[in-house]
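Letter by letter, the chains look like this.
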Amino acid sequence: MAGIYLHIPFCKQACHYCDFHFSTSLKLKEAVLAAMHQEIRLQQNYLSGETIDTIYFGGGTPSILSVAELQGLLDTIHLVFPINPAAEITVEANPDDLTPEKLLLLSQSPVNRLSIGVQSFHNPHLQLMNRPHTAGEAEGCIQLAQELGFDNISLDLIYGIPAEDEALWEQDLAKAFALNVQHLSCYALTIEPNTVLGHRLKKGTFTPAEEESVAQQFELLMTQAKTHGFLHYEISNFCQPGFESKHNSSYWRQTPYVGIGPSAHSFNGKSRQFNVAHNPQYVQALSQGQLPCTVEELTVEDRVNEYVMTTLRTSWGCDTHYIRSKWNVDLVALHASYLQQIIAKGLMQENEGVLLLTEEGKLLADEIALDLFLLKEE
Ligand code: SF4
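1. Some points on a negative patch on the surface
On the surface, Glu210, Glu211, Glu212, Glu367 and Asp371 cluster together to form a negatively charged patch. Those elements that place two or more of their residues in the negative patch are helix H8 (211–227) and helix H16 (365–371). Turning to its location among the elements, Glu367 is positioned in helix H16.

Put into structure tokens, the structure is as follows:
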């Protein structure tokens, strides 16, 4: 089992909260795509011949590409890697790109899952975040995608947007569930330093939502998801039964994957590779036949910490027997008194060696994972 992630590093405009790698100039688009084809060929042996079960176009904005350009990348992948005929193939898309013509072509392509960046169904919030679409466009493209036969659609939504009546988040959720999509990824608005909102925060012209209000919105999300029969299978991810994102789940299950494109990461079980997050440097390296990446060999501490951080966020939990058998580390013994405390506080449950966060614990997932990390000297 293995996956391929393709990072398309272009966007129409910069969302005010986003610090991902992207360029709003399309000048290098052809050159970057040519380099990505080359990188796919150079990475032929990275996954040691494993069959590819998931392919994920992320970004940036993959839907900025034509369907022919997406198909071209898939064609090269097929020439280089063995692909499971039932592979999950996801394209992240912004509503303004999903015109009826493009959706029709996508529905006739091998793409079988759409992840649509809706973020909010409230136009003033979309404007605050500088999103390139309206709520109406989002709703329209979701309905059209469904009419064209897409039966595995995920929506990205953002909560914790400030200066709002909390009923707006409730309305966003009601709209999302009414649209009868299969999957939701919901993230709290975080203010990163090198973004427009980050600069406004520094200048004192932007006030983020109160922590308590953000926590209440997350609680509302968990309650509403349960009411609508959605599984909360990862802290930020909810789905109808059977519609977990196979690609993202494989990250959380430590499955190897290769990342193609500027800023993409790869993982082969022993090391991580990080591609340069700079389009011209990426193009130049590949034009000289070189992979534009740095490699980090992972220590036992890195592997255990990563396993704890990712699995604690999931509904299958952190299996301490697995940690012991794979890395010879007894996490329970190392953190016995801390585990007792958080279990007594109702933040965690332990079931035959598997650690699972309770709903209350999910609000503190990252802090709890950090407390369970192995320090280098352990
Ligand atoms: S949120 Fe998505 S569309 Fe907006 S700038 Fe970031 S990568 Fe581009």
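From this point, the narrative continues.
2. Topic: the side chain of His133
The topology assignment puts His133 in the loop between helix H4 (123–128) and helix H5 (135–147). A relative accessible area of 5% places His133 in the buried class. Within the structure, the side chain of His133 is placed 3.2 Å from the backbone oxygen of Gly117, a separation counted as a polar contact. In terms of polar contacts, His133 uses its side chain to reach the side chain of Arg131, at 3.2 Å. Excluding anything up to four places from it in sequence, His133 contacts Pro95, Asp96, Gly117, Val118 and Leu126.

3. Thoughts on the sheet that holds strand E13 (residues 318–319)
In spatial order, the strands read E13-E15-E14; together these three strands make up an open sheet with antiparallel pairing. Whereas interior strands pair on both sides, the edge strands pair on one side only; in this sheet they are E13 and strand E14 (348–351). Strand direction decides the pairing type here: E13 and strand E15 (residues 354–357), joined by two bridges, are antiparallel. The partner of Cys318 across the bridge, within E15, is Leu355.

4. Re the pattern of salt bridges
Inspection of the entire model under this criterion finds ten salt bridges. Glu30 serves as the salt-bridge partner of Lys29, at 4.0 Å between the closest nitrogen and oxygen. The partner of Arg324 in a salt bridge is Asp330, with the nearest N and O atoms 3.7 Å apart. Taking relative accessible area as the criterion, Arg324 reaches 38% and is therefore assigned partly exposed. One continuous salt-bridge network, built from bridges that share partners, spans Lys12, Asp96 and Asp97.

5. Considerations on the site of the ligand
In the vicinity of the ligand, the contacting residues are Cys11, Gln13, Cys15, Tyr17, Cys18, Phe22, Gly60, Thr61, Asn94 and Arg131. When grouped by side-chain class, the residues that make up the shell around the ligand number five nonpolar, four polar and one charged.

6. As for the nonpolar core
Leu6, Phe57, Phe81, Phe121, Leu155, Leu184 and Leu312 are the most contacted members of the largest nonpolar core, which totals 90 residues. A per-element tally of this core places helix H2 (residues 67–80) first, with six residues. Two domains each provide a minimum of three residues to this core, namely domain 1 (2–251) and domain 2 (300–371). Apart from the residues lying within four places of it in its own chain, the contact partners of Phe121 are Ala135, Ala138, Glu139, Ile142, Leu155, Leu157, Asp172, Lys175, Ala176 and Leu179. If you look at the next biggest cluster of nonpolar residues, it comprises eleven residues, including Cys11, Tyr17, Phe22 and Phe206.

Analysis parameters
- Residues numbered from 1 in each chain as written.
- Predicted model: local features only at pLDDT ≥ 70, side-chain atom pairs only at ≥ 80, totals over all residues.
- Heavy atoms only, no water.
- Patch = residues over 30% accessible without salt bridge, like charges linked within 9 Å, V, L, I, M, F, W, Y side chains within 5 Å.
- Areas by Shrake-Rupley, 256 points an atom, 1.4 Å probe, with all protein chains shown as cover.
- Salt bridge = Lys/Arg side-chain N within 4 Å of Asp/Glu carboxyl O.
- Lys, Arg positive; Asp, Glu negative; His and termini not counted.
- Charge placed at Lys NZ, Arg CZ, Asp CG, Glu CD.
- Helix = DSSP H or I, 4+ residues; strand = E, 2+ residues; numbered from the N terminus.
- Buried < 20%, exposed > 50% of the residue type's maximum accessible area, 1.4 Å probe, protein only.
- Polar contact = N/O pair within 3.5 Å; in protein donor to acceptor, adjacent residues only side chain to side chain.
- Contact = heavy atoms within 4.5 Å.
- Pairing = 2+ DSSP bridges.
- Near = heavy atom within 4 Å.
- Nonpolar A, V, L, I, M, F, W, Y, C, P; charged D, E, K, R; others polar.
- Core = buried A, V, L, I, M, F, W, Y, C linked by side-chain atoms within 4.5 Å.
- Domains from an automatic or database assignment.

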